[in-house]
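What the coordinates show
Here's the letter readout for the chains.
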Amino acid sequence: MGCSSGCSTGKTDANGIPAGCNSNGSCGTGDGCNKLTVFDWLANMSLPGGQALCDIVEVRFKNSRKDFFRNVNGLPLHVGDIVAVEASPGHDIGMVSITGELVRLQMKKKGLNAEGEDLKKIYRKAKTQDIDKWREAQSLEVETMYKARTLALNLGLQMKISDVEYQGDKSKAIFYYTADGRVDFRELIKVMASQFSVRIEMRQIGARQEASRLGGIGSCGRELCCSTWLTDFRTVSTSAARYQQLSLNPLKLAGQCGKLKCCLNYELDTYLDALKEFPEVENKKLHTQKGSAFHQKTDIFRRIIWWSYTTEPDVFVALSVDRTKEVLRLNENNEKPEDLLEAKFKGAEFLKKEPSFENVVGQDSLTRFDHKKKNHGRARQHGNNSGGQGKQGGQQNRSQKPKQQGQQKQQQAKPKQQQGGEQKAGNQGQRKPQQHNRRQNHQKQKPGQDGHKTPNT
């Protein structure tokens, strides 16, 4: 991501300084005008008294190629300035990426001597003629790359030319290529030198560097680390996947370059620190009176080691790190515990963890509409007709309905021969007391006895 004002598109003013935010390359968006920028966290710090400023600057060229040059003329250089530097042969054009004391730390990190005399020099700040010639050379790179690929195919060389970089004075061109083995490109150099009329230099790069030049989107959904911020390509081995308990599947562990993903090294130190407290369990067995057990898998951050008896390989037994160490210590003393689990855990079962949330709505049941509501229409109708007496009468009817249902079930349980003439009589006998009770309740109950006020007529 670059700034939206034009810096990332390579626009510059008449002096060669990036246009847009006018911060001379130190954009506040994080990436700046370059692809692999470095934040100068020592820029606002003053040096101790008597210490001279560092006269070495870091200059960036095409893609991620950087080099250190000595400012022998004491030019006032800032990040983003375009300078003409010493090259072999001629001179090259690049952009200043780091100045000040941070350059010393970068050189120490890369194992370079800041006091050495083999450093190349900075000639001057680039003039308008230098920048025009540099832009013209950059415009020829894509066309030259396509022609070089055609020449390599015609010669039958097993190589792929991935990029071309012209020197700032158009006197030399660097061809970056990838190949599985050694390639004899002497004939190719002769043909390209006569075709392009420049000095040819061939540089073989790895698959990771090629992916960083081409760019792309990784399996995580983000831009490739090697094409955005990763500056050094460390070796990634399969042991990094083993330490993190990952399956050795090449389709999942390999990146777009065909090598193991660089992100396998990001969390490796955390796993190595956690594994320091774990005992060595590879190719070891735990011997108990019940039988021998072998190692199945390890959960590093939960501190659990899973074992299985040789007689029951499908049954996993979870042991803590301390319990595993205890059993191994007993086996070293020719002692065998009764079982893998401790005494307090014998016979214990793993409980299924229930969800921690609670249903506050009450409408997540799929059968909530299957239950039929009871019909109290008769009681409601009777309550409306009798005014304030309906509530008490409706409550009595509800209390009598369960009794009626119980009597009906008892009658249905009798043989069919006895139910022939008794069912009708039973139903009639049940209705008469009910009606009689209602009449008594209407006669005994007077207005105002149910606790409600009678309306004024």
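First things first, this report covers the structure right here in the doc.

About the thresholds
- Residues numbered from 1 in each chain as written.
- Predicted model: local features only at pLDDT ≥ 70, side-chain atom pairs only at ≥ 80, totals over all residues.
- Heavy atoms only, no water.
- Pairing = 2+ DSSP bridges.
- Helix = DSSP H or I, 4+ residues; strand = E, 2+ residues; numbered from the N terminus.
- Axes fitted to C-alpha atoms, helices over the stretch in contact; angles between N-to-C directions.
- Contact = heavy atoms within 4.5 Å.
- Buried < 20%, exposed > 50% of the residue type's maximum accessible area, 1.4 Å probe, protein only.
- Arc of directions from axis to C-beta.
- Phe/Tyr/Trp six-rings, centres within 6.5 Å; stacked < 30°, edge-to-face > 60°.
- Lys NZ or Arg CZ within 6 Å of the ring centre and 35° of its normal.

Some thoughts on the sheet that holds strand β6 (residues 160-166)
An order of β6-β7-β8 is seen for the 3 strands of this open sheet, with the pairing classed as mixed. Of all strands in the sheet, those bounded by a partner on one side alone are β6 and β8 (199-204). On average, each strand axis in the sheet is inclined to that of its neighbour by 25 degrees, with strand direction left out of account. The pairing of strand β7 (residues 172-178) with β8 spans 6 bridges and is classified as parallel. For Y176, the partnering residue across the bridge sits in β8 and is R203. Against the sheet, helix α3 (residues 141-154) makes contact with β6 and β7, and its axis sits at roughly 145 degrees relative to β6, the strand it touches most. Contacts from helix α4 (residues 186-196) reach β6, β7 and β8 within the one sheet, and its direction differs from that of β8 by about 135 degrees.

Here's the deal with helix α1 (residues 102-109)
Those residues of α1 not exposed but buried are L102, V103, Q106 and M107. With its buried residues spanning 135 degrees around the axis, α1 presents them on a single face. Set apart from the buried face of α1 by more than 90 degrees, the exposed residues are K108 and K109. Residues of α1 that are buried sit in contact with β1 (56-60), β2 (66-70) and β4 (91-98). Just downstream of α1, G111 is the residue with a positive phi angle, here 75 degrees.

Let's talk about unusual backbone geometry
With an omega dihedral of -5 degrees, the bond running from S88 to P89 counts as a cis peptide bond. You will see that K170, though not glycine, has its phi angle at about 60 degrees, which is positive. Structurally, K170 can be placed in the loop between β6 and β7. For K170, a relative accessible area of 25% puts it in the partly exposed group. Its identity as a non-glycine residue notwithstanding, N334 has a phi of 60 degrees, on the positive side. In this fold, N334 is placed in the loop between α10 (321-332) and α11 (377-385).

With respect to the pairing of β2
Two elements, β1 and β2, share 5 bridges in a ladder whose sense is antiparallel. Looking at β2, one finds that V57 is bridged to F69. In textbook terms, the turn of a hairpin is the stretch between consecutive antiparallel strands, and for β1 and β2 this stretch comprises 5 residues, one of which, N63, has a positive phi near 60 degrees. Summarising the sheet, β2 and strand β5 (residues 120-125) pair through 2 bridges and their orientation is parallel. Pairing of R70 across the sheet is with K121, part of β5.

A few points about the packing of aromatic side chains
In total, this model carries 4 aromatic pairs according to the counting rule given. Residues F61 and F69 carry aromatic rings whose centres are separated by 6.1 Å and whose planes lie at 70 degrees to one another, so their mutual orientation is edge-to-face. Here F61 falls in the buried class, since its relative accessible area comes to 6%. Summarising the aromatic geometry, the rings of Y177 and F185 are spaced 5.6 Å apart at their centres and angled 70 degrees between planes, so their arrangement reads as edge-to-face. Of the two residues examined, Y177 and F185, each falls in the buried class. Of note, R135 hangs over the ring of W134, and the distance from its end group to the ring centre comes to 4.7 Å. Over the aromatic face of W306 sits the side chain of K297, whose NZ or CZ is 5.3 Å from the ring centroid.

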